[in-house]
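Residues per chain, in single letters:
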Amino acid sequence: MQDVVKTEKTSPVLEDIENDLTCIMTNYDSSIKNRKENKTRINLQQLSCIEEIQSVRKLINDKLDEMEQCLKDTIASHLQTGEKRINVLGCTVLPEGLLVFTDSNNKRLIICEIDGTFKKDILTLFPPRYITTVGLTSSSSKKVSLVELITGKELSSFAPDDMCFGLSK
């Protein structure tokens, strides 16, 4: 019996099993280590993404604040020239990046650069209320007009049966 036990302890099969178990433990430890490293790397990437989002948000907010101040300055300078108080009810952004505001008190469109810098006025025959990139409305005169925004020329218009408070394209 002792010979059998002694033979089994030195048997190549037992050595192979021990080697296999050692390899399995090494692979298991390596997998655990890799998972921990991946988790750490993912957490760092997450923090980096959050910081980048916060940075971009701050840049956007700063730019919007700058544009708002420029627009306020533009409006204030127009008011100093003796115009009626500006009443902006609608705005749109043109594909080329221009901002267009309706000013119903002064019967005009105010065109500004994307940074809020005043570019020009376009006088209208009625007080404009709402605007899209294709046309504008006036509830007081019950009119919808298609206006060429570069020249200010009215291309076409129609009178709806009732007041119109907006457009959609």
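Everything below is about the structure printed above this text.
The structure reproduced in this document is the subject of the present report. Treat the numbers as computed from the prediction; the structure is a model and nothing was measured. (Residues numbered from 1 in each chain as written. Predicted model: local features only at pLDDT ≥ 70, side-chain atom pairs only at ≥ 80, totals over all residues. Heavy atoms only, no water.)

**Brief notes about the sheet that holds strand β2 (residues 99–103)**
Put simply, the rule reads: Here, strands pair whenever DSSP counts at least two bridges between them. Only runs of H or I of at least four residues qualify as helices and only runs of E of at least two qualify as strands under DSSP, and these elements are numbered from the N terminus. Angles run from 0 to 180 degrees between N-to-C directions of axes, and those axes are lines fitted to C-alpha atoms, restricted for helices to the stretch in contact.
Read from one edge to the other, the open sheet built from four strands follows the order β1-β2-β3-β4, with strand pairing classed as antiparallel. Each edge of the open sheet carries a strand with a single partner, namely β1 (88–93) and β4 (118–123). Mean inter-strand twist for the sheet, computed between neighbouring axes without regard to direction, equals 20°. Pairing between β1 and β2: four bridges, direction antiparallel. Note on β2: the bridge partner recorded for Cys-91 is Phe-101.

**Details of unusual backbone geometry**
Even without glycine at this site, Lys-107 takes up a positive phi of about 50°. Considering the arrangement of structural elements, one finds Lys-107 in the loop between β2 and β3 (108–112).

**Topic: the side chain of Asn-106**
Counted only if it meets this: Summary of the burial criterion: residues with accessible area below 20% of their type's maximum are buried, those above 50% are exposed, and those between are partly exposed, where the area comes from a 1.4 Å probe applied to protein chains only. Whenever a nitrogen or oxygen atom comes within 3.5 Å of another N or O atom, the pair is scored as a polar contact, on the condition that within protein one atom can donate a hydrogen and the other can accept it, and that pairs from neighbouring residues in sequence are kept only if both atoms are in side chains.
Its location among the elements puts Asn-106 in the loop between β2 and β3. Judged by relative accessible area, which is 18%, Asn-106 ranks as buried. A distance of 2.7 Å separates polar atoms of two side chains, one belonging to Asn-106 and the other to Asp-103.

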